[in-house]
Amino acid sequence: MATSYSVPINEFFSRVEKDKDFFQYFNLSDEEAMELANKRAEIYLFEACAKIMMMCQPTVNFSNRDDDLRQFNFDLTPSEILLISSLMYEFYLDRDVSYI
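Residues numbered from 1 in each chain as written. Predicted model: local features only at pLDDT ≥ 70, side-chain atom pairs only at ≥ 80, totals over all residues. Heavy atoms only, no water.

Asker: I'd like a description of the packing of aromatic side chains, backed by residues and values.
Answerer: Across all of its chains, the model carries 9 aromatic pairs by this definition. With a centroid separation of 6.1 Å and an interplanar angle of 75°, the aromatic rings of Tyr44 and Tyr92 are classed as edge-to-face. With a gap of 48 residues between them, Tyr44 in helix H3 (residues 30-55) and Tyr92 in helix H4 (residues 78-99) connect regions that are remote in the sequence. Each member of the pair, Tyr44 together with Tyr92, is buried. Among the aromatic residues, those joined into a ring-pair cluster are Tyr5, Phe46, Phe62, Phe72 and Phe74. (Phe/Tyr/Trp six-rings, centres within 6.5 Å; stacked < 30°, edge-to-face > 60°. Helix = DSSP H or I, 4+ residues; strand = E, 2+ residues; numbered from the N terminus. Buried < 20%, exposed > 50% of the residue type's maximum accessible area, 1.4 Å probe, protein only.)

Asker: Go over helix H1 (residues 6-16) with me, naming the residues and quoting the values.
Answerer: Of the residues making up H1, those classed as buried are Pro8, Ile9, Phe12, Phe13 and Val16. One side of H1 holds all its buried residues, which, seen down the axis, span an arc of 145°. (Arc of directions from axis to C-beta.)

Asker: Tell me what's going on with H3, and back it up with residues and numbers.
Answerer: Taking 1.5 Å per residue as the helical rise, H3 with its 26 residues ought to reach 38 Å, and the 37 Å between its terminal C-alpha atoms agrees with that figure. The complete set of buried residues in H3 reads Ala33, Ala37, Ala41, Glu42, Tyr44, Leu45, Ala48, Cys49 and Ile52. (Expected span 1.5 Å × (residues − 1).)

Asker: Go over the sheet that holds strand E3 (residues 71-72), please, and point to the residues and values.
Answerer: Pairing is antiparallel in the open sheet, where 3 strands are placed in the order E1-E3-E2. Both outer strands of the open sheet, strand E1 (3-4) and strand E2 (65-66), are each paired with one neighbouring strand and no more. Across 2 bridges, E2 lies against E3 in antiparallel orientation. Looking at E3, one finds that Asp66 is bridged to Gln71. (Pairing = 2+ DSSP bridges.)

Asker: Describe the side chain of Glu42, and please don't skip the residues or the numbers.
Answerer: Along the polypeptide, Glu42 turns up in helix H3. Assessed through its relative accessible area of 17%, Glu42 is described here as buried. Not counting chain neighbours up to four residues away, the residues in contact with Glu42 comprise Tyr5, Ile9 and Arg70. (Contact = heavy atoms within 4.5 Å.)

Asker: Report on the nonpolar core, specifying residues and quantitative values.
Answerer: With 25 residues, the main nonpolar core has Phe12, Phe72, Ile84 and Met88 as its most contacted residues. Looking at this core, the elements that each hand over two or more residues are H1, H3 and H4. If you tally residues by element for this core, the top one is H3, at 8 residues. (Core = buried A, V, L, I, M, F, W, Y, C linked by side-chain atoms within 4.5 Å.)

Asker: Kindly report on the environment of Ser14, identifying the contributing residues and their values.
Answerer: Residue placement: Ser14 occurs in helix H1. Judged by its relative accessible area of 37%, Ser14 is partly exposed. Between the C-alpha atoms of Ser14 and Tyr89, which are 75 residues apart in sequence, the distance is 10 Å. Looking at Ser14, its side chain comes within polar contact range of the main-chain oxygen of Glu11, at 2.6 Å. (Polar contact = N/O pair within 3.5 Å; in protein donor to acceptor, adjacent residues only side chain to side chain.)

Read these as spatial facts, not as claims about activity.
Shown next, in the form of structure tokens:
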């Protein structure tokens, strides 16, 4: 019983897929660019989990994860995946607003 980080990250990617700047980096191959995009998304994932833990009392502990295996040590529900990916997108947008 575990959920890979890739599940909420892919949900987040579906929200930012039209933002070419998120996935394209100068002087990097497609594989390197995707690796960097995944690292950035993972930061948003951790921020989203921390916000959930600070703002409410969830029935699961979102810090119960294995960063080496890149997975939560429990199964995320569809609602939790949506919540996490939505918060990830919010953090992403907040950073963009700061550039304006």
